[in-house]
Amino acid sequence: MKKAFGEAALGLQHVLAMYAGAILVPLIVGAALGLTSEQLTYLVSIDILLCGVATLLQVFNSRFFGIGLPVVLGCTFTAVGPMIAIGGEYGISAIYGSILVSGLFVIVVSGFFGSLVRFFPPVVTGSVVTIIGITLIPVAINNMGGGQGAEDFGSLSNIALAFGTLGFIIFLYKFSRGFMRAVAILVGLIAGTVAAGFMGKVDFTPIAEASYFHMVEPFYFGMPTFEWSAILTMILVALVSLVESTGVYFALSDITKKEIKEKDLAKGYRSEGLAIFLGGIFNAFPYTAYSQNVGLIQMSGVKSRKIIFIAALMLIVLGFVPKIGAMTTIIPTPVLGGAMIAMFGMVIAQGIKMLSGVISQSQENSMIVACSVGIGLGVTVVPELFALLPAGVQILTSNGIVAGSLTAIGLNVVFNMLPSRKRKREAQAVQSNQAVTPH
């Protein structure tokens, strides 16, 4: 009994460590698309449920699916900006059409994605992660003021709530260690909501109206529609997420002392593709491996897949209870904005950390980072730059994350891949000449 309680407590730790990241994505996207409180409750609940399902797919180690490592999957922040852009241009149905196709794409390429990883070295992935954080900051700033278009935007109470939440999160980071630091953003959201409650800024109606149990519905938001530009965008997001997951796989391989081979990676990628596809069917999100849970495994020293299995079951149970999902929807927008500054700021810091080792390697890498981050930020600030291009192309060019990512990938090919191919051909030519030259 004592052992079971201990395992449940460890599983709950993993749920809490990833919970803030998991709920922020549906809250941000749902608010941007103008969903009702009932729809937002469903979106949060189904997302949590599918986080559990996606995690189970990875923990199991079958012939075709699952990398067999203690991996926790959650919705990726990489998809937030593109999903908002797609929803604004084509509607929510196009979001899920593009997610469905991107999931199928990942399943198809999972067997040979290892050979595609060379297109995503640290200079590319670091640039992409940095761009993601930078381009999402305006969303956080708008929320700190109360949300774009709010009647009380920028009011003293909104600013106080936002900075109070951010200050509390910083306080926890400064004076706490271990698990408490890992859940600092979640605790900050709770504390900020409690403070807002005393200020009369919390509406408990969504919790009162939410049921205690619901069944999941395929295509809850309607049948998906398919737009080629939206599909290409989401495929790019999926590929970047796979690169992020690859880093998590190798980190866990090192921690657990379990060697992973190419076939194991293929099964891991295939599981993510299936999780993304299920997200499209049940109107959730693209999924990726969460690095915050890797830190928790390293910190606790508990490397058992059983603990992650328990955490996945907890997420699934939570996903069937709309009451719990509704609790997250009452978080006031300024509180959300304060926490988002910390969350997105950490994303930027992670990107800078990834780039710190590669910028000094060559001037070419510096140019890749400079142009990709510059384009990503510039397009975010001035999206009308490409307003005269065809609408189908604009979905790729008017989104900072996508434009910056494509710039990084293209420049990496130009600077770091084409010259090496040329040198390889020259070396082969020299070897061929030496082989035929008589001695």
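A short tour of the structure in this document, coming up. None of these values were measured; they are calculated from a predicted model. (Residues numbered from 1 in each chain as written. Predicted model: local features only at pLDDT ≥ 70, side-chain atom pairs only at ≥ 80, totals over all residues. Heavy atoms only, no water.)

Re the overall build of the protein
- When helices and strands are tallied, the protein shows 19 helices and two strands.
- The C-alpha atoms of the protein give 22 Å as radius of gyration, which agrees with the globular expectation for 439 residues (22 Å, within 12%).
- Taking the principal axes of the C-alpha coordinates as reference, the protein spans close to 90 × 60 × 45 Å.
- Taken across its 439 residues, the protein has 51% of its residues classed as buried. (Helix = DSSP H or I, 4+ residues; strand = E, 2+ residues; numbered from the N terminus. Rg over C-alpha atoms; globule rule 2.2 N^0.38 Å. Buried < 20%, exposed > 50% of the residue type's maximum accessible area, 1.4 Å probe, protein only.)

Examining the environment of Gly 338
- Residue position: Gly 338 is located in helix α16 (residues 333-356).
- C-alpha of Gly 338 to C-alpha of Phe 163: the two residues are 175 residues apart in sequence and 5.9 Å apart in space.
- Beyond its immediate sequence surroundings of up to four residues, Gly 338 is in contact with Met 144, Ala 162 and Leu 166. (Contact = heavy atoms within 4.5 Å.)

Description of helix α7 (residues 156-175)
- Here α7 is 20 residues long and its end C-alpha atoms lie 28 Å apart, about the 28 Å a rise of 1.5 Å per residue gives.
- The set of residues buried in α7 consists of Asn 158, Leu 161, Ala 162, Thr 165, Leu 166, Ile 169 and Leu 172. All buried residues of α7 fall inside an arc of 120° around its axis, so they share one side. Away from its buried face, by an angle of more than 90 degrees, α7 presents the exposed residues Leu 156, Ile 170, Lys 174 and Phe 175.
- Buried residues along α7 sit against α6 (122-144), α8 (178-182), α9 (184-198) and α16. (Expected span 1.5 Å × (residues − 1). Arc of directions from axis to C-beta.)

Thoughts on the nonpolar core
- If you look at the biggest cluster of nonpolar residues, it comprises 123 residues, and the most contacted ones within it are Phe 77, Met 83 and Tyr 287.
- When residues in this core are grouped by element, the largest group, 15 residues, is from helix α11 (residues 228-256).
- Here Tyr 287 is in contact with Ile 46, Asp 47, Leu 50, Cys 51, Ala 54, Leu 73, Gly 74, Cys 75, Glu 272, Ala 275, Ile 276 and Gly 279, once residues within four sequence places are set aside. (Core = buried A, V, L, I, M, F, W, Y, C linked by side-chain atoms within 4.5 Å.)

With respect to the packing of helix α3 (residues 80-90) against helix α4 (residues 92-109)
- Axis separation between α3 and α4 bottoms out at 6 Å; the angle between their running directions is 130°. In terms of orientation, α3 lies oblique with respect to α4. Note on packing geometry: the crossing formed by α3 with α4 is right-handed. Contacts between α3 and α4 involve Met 83, Ile 86, Gly 87 and Tyr 90 from the first element and Ile 92, Ser 93, Ala 94, Ile 95, Ser 98 and Ile 99 from the second.
- Each residue belonging to the contact of α3 with α4 can be placed in one class, and the counts come to seven nonpolar, three polar and no charged. (Axes fitted to C-alpha atoms, helices over the stretch in contact; angles between N-to-C directions. Parallel < 35°, antiparallel > 145°, perpendicular 65-115°, else oblique. Left-handed = near helix turned anticlockwise from the far one by under 90°. Nonpolar A, V, L, I, M, F, W, Y, C, P; charged D, E, K, R; others polar.)

Looking at the packing of helix α2 (residues 37-59) against helix α12 (residues 262-281)
- Packing of α2 against α12 brings their axes to within 9 Å, and their N-to-C directions diverge by 160°. When the interaxial angle is binned, α2 and α12 end up roughly antiparallel. In this structure, the crossing between α2 and α12 has a hand that is right-handed. Of the residues in α12, those touching α2 at Leu 50, Val 53, Ala 54, Leu 57 and Gln 58 are Lys 267, Gly 268, Ser 271, Glu 272, Leu 274, Ala 275, Leu 278 and Gly 279.
- Of the residues that constitute the contact of α2 with α12, the class distribution is seven nonpolar, four polar and two charged.

A closer look at the pattern of salt bridges
- In the structure shown here, the tally under the stated rule is one salt bridge.
- Asp 152 is the partner of Lys 201 in a salt bridge, and the nearest nitrogen-oxygen pair spans 3.4 Å. With a gap of 49 residues between them, Lys 201 in the loop between α9 and α10 (205-209) and Asp 152 in the loop between α6 and α7 connect regions that are remote in the sequence.
- Classification of Lys 201 by relative accessible area gives partly exposed; the value is 27%.
- Judged by relative accessible area, which is 33%, Asp 152 ranks as partly exposed. (Salt bridge = Lys/Arg side-chain N within 4 Å of Asp/Glu carboxyl O.)

What to know about α11
- Here α11 contains 29 residues, and its C-alpha end-to-end distance of 41 Å stays within 8% of the 42 Å for a straight helix at 1.5 Å per residue.
- Among the 29 residues in α11, 21 count as buried, and that is most of the element.
- One or two steps after α11, the chain reaches Lys 257, where phi turns positive at roughly 60°.

Considerations on the side chain of Thr 165
- Mapped onto the secondary structure, Thr 165 falls in helix α7.
- Ignoring anything within four residues of it in the chain, the contact list for Thr 165 reads Gly 188, Gly 192, Val 335 and Ala 339.

Things to note about the packing of aromatic side chains
- Enumeration over the complete set of coordinates arrives at nine aromatic pairs.
- Ring plane angle 50° and centroid distance 4.9 Å describe the contact between Phe 171 and Phe 175, whose orientation is recorded as tilted. Highlighted residues: Phe 171 and Phe 175, both in helix α7, separated by four residues, approximately one helical turn.
- Residue class for Phe 171 comes out partly exposed when judged on its relative accessible area of 45%.
- Taken together, the ring pairs in this structure connect Tyr 42, Tyr 96, Tyr 220 and Phe 221 into an aromatic cluster.
- In this structure, Lys 323 is placed above the aromatic ring of Tyr 212, and the distance from its NZ or CZ to the ring centre is 4.9 Å. (Phe/Tyr/Trp six-rings, centres within 6.5 Å; stacked < 30°, edge-to-face > 60°. Lys NZ or Arg CZ within 6 Å of the ring centre and 35° of its normal.)

Quick word on the side chain of Ser 110
- Note on placement: Ser 110 falls in the loop between α4 and α5 (113-116).
- Classification of Ser 110 by relative accessible area gives buried; the value is 2%.
- Among the polar contacts made by the side chain of Ser 110, one reaches the main-chain carbonyl oxygen of Ile 107 at a distance of 2.8 Å.
- Filtering out sequence-adjacent residues up to four positions away, Ser 110 remains in contact with Ala 266, Tyr 269 and Arg 270. (Polar contact = N/O pair within 3.5 Å; in protein donor to acceptor, adjacent residues only side chain to side chain.)

Brief notes about unusual backbone geometry
- Despite not being glycine, Phe 219 shows a phi value in the positive range, around 55°.
- Residue placement: Phe 219 occurs in the loop between α10 and α11.
- Looking at Phe 219, the relative accessible area reads 26%, which means it is partly exposed.
- Positive phi values are uncommon outside glycine, yet Lys 257 reaches one of about 60°.
- Summarising the element assignment, Lys 257 is placed in the loop between α11 and α12.
- In this structure Lys 257 comes out as exposed when scored by relative accessible area, which is 69%.

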